[in-house]
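Structural features, examined
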Amino acid sequence: MKIGIIVYSQTGNTDAAAQKLKEKLEVAGHSAHIEKVTTVGEVKPGAKDIQLDSIPEVESYDGLVFAAPVHAFSLPPAMTAYLQQLPSLDERKVAIFVTKMLPFKWTGGNRTIAHMEKLCQEKGGALCGSAIINCAKGKRDQNIAEAVERLSKLF
Ligand SMILES: Cc1cc2nc3c(=O)[nH]c(=O)nc-3n(C[C@H](O)[C@H](O)[C@H](O)COP(=O)(O)O)c2cc1C
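Residues numbered from 1 in each chain as written. Predicted model: local features only at pLDDT ≥ 70, side-chain atom pairs only at ≥ 80, totals over all residues.

**Notes on the overall build of the chain**
Of regular secondary structure, the chain possesses four helices and seven strands. Along its sequence from the N terminus, the chain presents helices and strands in the succession β-α-β-β-β-β-α-β-α-β-α. A compact globule built from 155 residues would reach a C-alpha radius of gyration of about 15 Å, and the chain, at 14 Å, matches this within 12%. Burial status across the chain gives 42% buried among its 155 residues. Within the chain, counting contacts between residues at least 6 apart in sequence, those at least 24 apart form 75% of the total. (Helix = DSSP H or I, 4+ residues; strand = E, 2+ residues; numbered from the N terminus. Rg over C-alpha atoms; globule rule 2.2 N^0.38 Å. Buried ≥ 20, exposed ≤ 12 C-beta atoms within 10 Å, placed from the backbone. Contact = placed C-beta atoms within 7 Å.)

**With respect to the site of the ligand**
Taken together, 20 residues are adjacent to the ligand, and S9, N13, T14, P69 and K100 come closest. Within the residue set of the shell around the ligand, elements represented by two or more residues are α1 (13-27) and β6 (93-100). Classifying every residue of the shell around the ligand gives eight nonpolar, 10 polar and two charged. (Near = placed C-beta within 6 Å. Nonpolar A, V, L, I, M, F, W, Y, C, P; charged D, E, K, R; others polar.)

**Looking at the pairing of strand β2 (residues 31-36)**
Across six bridges, strand β1 (residues 2-7) lies against β2 in parallel orientation. Paired with K2 across the strands is S31, a residue of β2. With respect to chirality, the unit in which β1 leads through α1 into the neighbouring parallel β2 is right-handed. (Pairing = 2+ DSSP bridges. Right-handed = clockwise from strand over helix to strand, strands pointing away.)

**Observations concerning the environment of A68**
Relative to the helices and strands, A68 resides in strand β5 (residues 63-69). Separated by 15 residues in sequence, A68 and L83 place their C-alpha atoms 11 Å apart. Setting aside residues no more than four positions away along its own chain, A68 makes contact with Y8, T14, L75, P76, M79 and V98.

**Some details on unusual backbone geometry**
Phi is positive for F73, close to 65°, though the residue is something other than glycine. Structurally, F73 can be placed in the loop between β5 and α2 (77-84).

**So, the environment of G138**
Its place among the elements puts G138 in the loop between β7 (126-134) and α4 (140-152). A count of 7 C-beta atoms within 10 Å places G138 in the exposed class. Sequence separation between G138 and K2 is 136 residues, and the spatial gap between their C-alpha atoms is 33 Å.

It is worth stressing that arrangement in space is one thing and function is another; only the former is reported here.
Here's what the structure looks like:
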């Protein structure tokens, strides 16, 4: 399967997880490609006037993974803007993951996943799974490895 991993990342954690997932998917026989969502200038949580710079196209992929950090308990505005402008996902398989830092369940992971799922469902994506990856110091690599193991088996 040709899989696109579409990533928004500011400080590298989500990128690092995407890279590991790409490697796992390739070992499993898929062709996997990372594409980055970027903005013009810095975007603060809650910003409304988002200007996307790089807007990855999804048409050529059979399956998709969308990935973003949790910002202020929420999906960062740049990824919201990106997902809202997507064309139809045509029942293609979609997995989602978020990275975060705070330890408690109420600190945005579930809420951000739910928001991404809603946006992907509105575009007709067939959701197949999700992961919340805590990237706190000392736990990051282990948590990424566990999530990637699980996500890679969804396709
Ligand atoms: C502006 C900002 C807001 C954040 N808000 C949260 C939050 O609400 N909950 C949380 O668990 N982590 C929060 N974090 C931590 C990030 O989600 C975490 O470091 C994430 O892995 C960063 O991903 P990146 O390195 O791909 O940008 C926040 C980080 C920033 C910079």
